[in-house]
Amino acid sequence: MKEKTTEDYIIDPDVYICDPVPQQTPDQNMVYPFYDHLRDNRLTTTRCKDCGHITWPPKIVCTECMSDQLEWEDFPPTGKIYAFTVQVGGVPPGFQAPLVYALIDFDNDLRIISPLIDTDPDDVHVGDEVVLKVVEAPRDRVLFFFKLKK
Ligand SMILES: [Zn+2]
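Residues numbered from 1 in each chain as written. Predicted model: local features only at pLDDT ≥ 70, side-chain atom pairs only at ≥ 80, totals over all residues.

(A) Representation of the overall build of the protein. In terms of regular secondary structure, the protein is built from 1 helix and 8 strands. Listing each helix as α and each strand as β along the protein from the N terminus yields α-β-β-β-β-β-β-β-β. A total of 150 residues make up the protein; the buried ones form 15% of that total. Look at the contacts in the protein between residues 6 or more apart in sequence, and 49% of them connect residues 24 or more apart. (Helix = DSSP H or I, 4+ residues; strand = E, 2+ residues; numbered from the N terminus. Buried ≥ 20, exposed ≤ 12 C-beta atoms within 10 Å, placed from the backbone. Contact = placed C-beta atoms within 7 Å.)

So this is what it looks like as structure tokens:
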């Protein structure tokens with residue numbers, strides 16, 4: 001049996017009885033451009049054209065003023081670890097323990113929680129910089145994580 005790699009994350013039919021990966025096409029998801037941007041290795045979210053409010057995750061309506069006039073905006077290329085924790089057992093299928101989860105701050109004042117992949121917990125420190133890591137998922141879909149900036 002082939003050893004799993006970071007490219008094999010998610011959907012082990014022997015474990016999951018439903019598909020945990022978001023549907024990503026226009027007929028299935030109203031923020032589908034987010035996934036198209038990920039395919040181009042861009043992490044994006046939405047900003048309101050009327051009031052300027054930026055949110056995470058991307059929205060179809062502004063949570064501040066209810067406007068539907070939103071535009072896509074790129075995240076800064078790196079984020080900084082605000083805090084992290086390490087899960088040593090019971091990690092989700094497809095991941096390897098120990099698994100680092102980080103709260104990541106960006107210069108656009110947004111904070112994302114995400115697993116750090118391809119990352120040794122002993123190498124992680126508050127304030128470290130991380131970069132986007134896009135991973136292919138079944139049926140032409142993508143997922144995103146982060147990893148330490150080298
Ligand atoms: Zn707004």
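(B) Spotlight on the environment of Leu-103. Mapping Leu-103 onto the fold places it in strand β5 (residues 99-105). A residue is classified by how many C-beta atoms lie within 10 Å of it, and Leu-103, with 16 of them, is partly exposed. Residues Leu-103 and Pro-115, spaced 12 residues apart in sequence, show a C-alpha to C-alpha distance of 9.0 Å. Those residues within four positions of Leu-103 in sequence are excluded, and the remaining contacts are Tyr-82, Ala-83, Arg-111 and Ile-113.

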